[in-house]
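So you can see what is in the structure, the chains are spelled out below.
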Amino acid sequence: MSTTSTVDRAFEAALYADTDAALDTGASLLAADPAADAELARRGREFVAGAWRRGWQPADVVRFVRRELEDAHVRLLARLIVEETERATEQPSPSPRWAAQLDEVRALHEPDTAPRTDRFSHATAALELYRLLLRLPTLEPLDRPQGPATTAHHPESRMLTRIRGLLAKAEATDFPEEAEALSAKAQELMARHSIDEALLAARTHAKDAPGACRIGVDPPYETAKAVLLDAVARANRCEAVWNEPLGFSTVVGFEPDLEAVELLFTSLLVQATTAMTKAEAAQRKGGRKRTKTFRQSFLAAYAHRIGDRLAEVAEAQVAETAEAAATGAEDAGDLLPVLAARDVAVRDHFTHMFPDTVTTRVRGVTDAAGWRQGAEAADRAQVGVRPRLP
């Protein structure tokens, strides 16, 4: 029997019948034929390439597989992605965001340290993974690899590296005053970086256009987390839409603003989780046991209040820059028309990508103490604007 026939029979048994018995049959066929391994891997690379054609990106697939399956499937997926990327020599080089995702996938692909499994277990994991990849829906396309094959991947700017470092330190410190100073400085740099990029694009007549990225919104309490991400996106002149079944939000905006959204959302989520854990511990000491409702209400209130605070900070930064330009202290050009034009471009791109969206209600907010303490934590979150750095 040829190796192709073995794989075909295994796929016919396992991929199109969602039962354990069918999966065992397919895995047994593959385990009994070592010569089929190469063909099995080739089919896996085809499934990965098919995911790219349906609009998925490396980080999207890894996130979804991690959510639905186990670590063994993630390691196998990482190997297939790395192999598919290395073999696709005729393809153009990836965009910076795509290339960064591939770097993260390569970090997951560690063949020398990966746990060894028997042939049947490996075949079972492969078929479970392929079954999931086969059924991935089509997504709205984001950036795809473009340009000649020699296009280089530009490293992260020094500004963003500094912002990332400040936020990491703010999340790690146990001293509120230090976290406040670090986070406030990072927030100021993000806002200033966005404005500078907008003005530079206007002055140079650069063909700058909005793009999009996907950010994971993981359980539990994903509705409140999606609301938080939406608040961060709006404050940074972006639009966000949540795909609840697939566990991510798509954020549309100009690249500097997308980077700010990713960094700030991650940092605020860490701050919110830390504050929620401390508040919950205090509640337990007081004899309360309604943990789930407390957490849901806490995060919902945090997201609601932080949205108001972020909007205030963003407006203050724009007003400060415009005032400096009006007094001649800074050459900011026609800042407000530039920002207004970018807002229109983002909205148009968002509407083009998502012509039909619906609103959703935040459910499960029934704990008054959780809501109150979540709002208080949002008030303490480090998003305030300090005097501008020299």
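Small disclaimer: the values here were computed from a predicted structure and weren't measured.

Mind showing me how you'd approach the nonpolar core here?
One broad rule of soluble globular proteins: the nonpolar side chains tend to lie buried together. Counting residues in each nonpolar core, the largest one holds 43 residues, and the members touching the most others are Ile 163, Leu 228, Val 232 and Val 251. Of all elements in the fold, only α8 (158-172), α9 (176-204), β1 (211-216), α10 (222-235), α11 (255-285) and α12 (291-326) reach the threshold of two or more residues within this core. No other element matches the 12 residues that α11 contributes to this core.

Would you explain empty space enclosed by the protein in this entry?
Over the atoms, a rolled probe matching the size of one water molecule traces out where space is still vacant. Applying the stated rule across the entire model yields 3 cavities of 30 Å³ or more. Lining of the largest cavity is provided by 15 residues; of these, Ala 191, Ser 194, Ala 235, Asn 236 and Ala 314 occupy positions nearest its centre. Listed by contribution, the elements that provide at least two residues to the lining of the largest cavity are α9, α11 and α12. Per-element tally for the lining of the largest cavity: the top contributor is α9, with 5 residues. Classifying every residue of the lining of the largest cavity by side-chain character gives 9 nonpolar, 4 polar and 2 charged.

Explanation requested: the sheet that holds strand β2 (residues 239-243) in the structure shown.
Strand-to-strand pairing in sheets goes through backbone hydrogen bonds, with the strands running parallel or antiparallel. Strands sit in the order β1-β3-β2 across an open sheet of 3 strands; the sheet is antiparallel. Here the strands that pair on one side only, and so sit at the sheet edges, are β1 and β2. Strand-to-strand twist in this sheet, taken as the mean axis angle between neighbours without regard to direction, amounts to 20 degrees. In this sheet, strand β3 (residues 248-253) lies alongside β2 in antiparallel orientation, the contact comprising 5 bridges. Within β3, the residue paired with Glu 239 across the bridge is Val 252. Seen against the sheet, α11 touches β1 and β3 and runs at an angle of roughly 10 degrees to β1.

I keep staring at the environment of Pro 220 and nothing clicks. Help me out?
Within the element layout of this structure, Pro 220 appears in the loop between β1 and α10. The class for Pro 220 is partly exposed, based on a relative accessible area of 44%. Linking Pro 220 and Lys 292, residues 72 residues apart in sequence, is a C-alpha distance of 9.6 Å.

Is there a simple way to think about the packing of helix α5 (residues 71-87) against helix α7 (residues 119-134) in this case?
To describe two helices that pack against each other, one gives the angle between their axes and the distance between the axes. Across the interface, α5 lies against α7 with an axial gap of 10 Å and an inter-helix angle of 70 degrees. Taken together, the axes of α5 and α7 lie roughly perpendicular to each other. Residue-level contacts link His 73, Leu 76, Leu 77, Arg 79 and Leu 80 of α5 to His 122, Ala 125, Ala 126, Glu 128, Leu 129, Tyr 130 and Leu 133 of α7. For the contact of α5 with α7, the class distribution of residues is 8 nonpolar, 2 polar and 2 charged.

For this particular structure, what's the right way to read the pairing of β1?
Look at any regular strand and the pattern is simple: side chains alternate between the two faces of the sheet. Among the 6 residues in β1, 5 count as buried, and that is most of the element. Relative to β3, β1 runs antiparallel, the two sharing 6 bridges. Note on β3: the bridge partner recorded for Ala 212 is Val 252.

Even after reading the chapter, I still don't get the confidence of the model for the protein chain, so can you show me in this structure?
For residues with low pLDDT, the predicted coordinates do not support detailed interpretation. In this model, the protein chain carries an average pLDDT of 81, and 78% of its residues clear a pLDDT of 70 or more. Counted against residues more than four places away or in other chains, residues 145-154, with its pLDDT under 50, gives 18 contacts. A low-confidence stretch, residues 384-390 stays under pLDDT 50, and its non-local contacts, those more than four residues away or across chains, total 22 contacts.

Any chance you could explain the packing of aromatic side chains here in plain terms?
Aromatic ring pairs are defined here through the distance separating the ring centres and the angle between the ring planes. Per the counting criterion, the structure on display carries 7 aromatic pairs. For the pair Phe 11 and Tyr 130, a centre-to-centre distance of 5.9 Å together with 85 degrees between the ring planes defines the contact as edge-to-face. Pair noted here: Phe 11 is in helix α1 (residues 3-14) and Tyr 130 is in helix α7, with a separation of 119 residues, a long-range link. Across the pair, Tyr 130 and Phe 11 agree in class, each one buried. Each ring, one from Phe 47 and one from Tyr 130, has its centre 5.3 Å from the other, and the planes form 45 degrees; the classification is tilted. You can see Phe 47 sitting in helix α3 (residues 37-53) and its partner Tyr 130 sitting in helix α7, a full 83 residues away along the chain. For Phe 47, a relative accessible area of 15% puts it in the buried group. The ring of Phe 248 has Arg 214 lying over it, and the distance from NZ or CZ to the ring centre is 5.6 Å.

Rules used throughout
Residues numbered from 1 in each chain as written. Predicted model: local features only at pLDDT ≥ 70, side-chain atom pairs only at ≥ 80, totals over all residues. Heavy atoms only, no water. Core = buried A, V, L, I, M, F, W, Y, C linked by side-chain atoms within 4.5 Å. Buried < 20%, exposed > 50% of the residue type's maximum accessible area, 1.4 Å probe, protein only. Helix = DSSP H or I, 4+ residues; strand = E, 2+ residues; numbered from the N terminus. 1 Å grid on protein atoms, 1.4 Å probe; cavity = no way out; pocket = protein on both sides within 12 Å on 5 of 7 lines; lining within 4 Å. Points joined across faces, edges and corners; volume = space filled by probe spheres on them. Nonpolar A, V, L, I, M, F, W, Y, C, P; charged D, E, K, R; others polar. Pairing = 2+ DSSP bridges. Axes fitted to C-alpha atoms, helices over the stretch in contact; angles between N-to-C directions. Contact = heavy atoms within 4.5 Å. Parallel < 35°, antiparallel > 145°, perpendicular 65-115°, else oblique. pLDDT = per-residue confidence, 0-100. Phe/Tyr/Trp six-rings, centres within 6.5 Å; stacked < 30°, edge-to-face > 60°. Lys NZ or Arg CZ within 6 Å of the ring centre and 35° of its normal.

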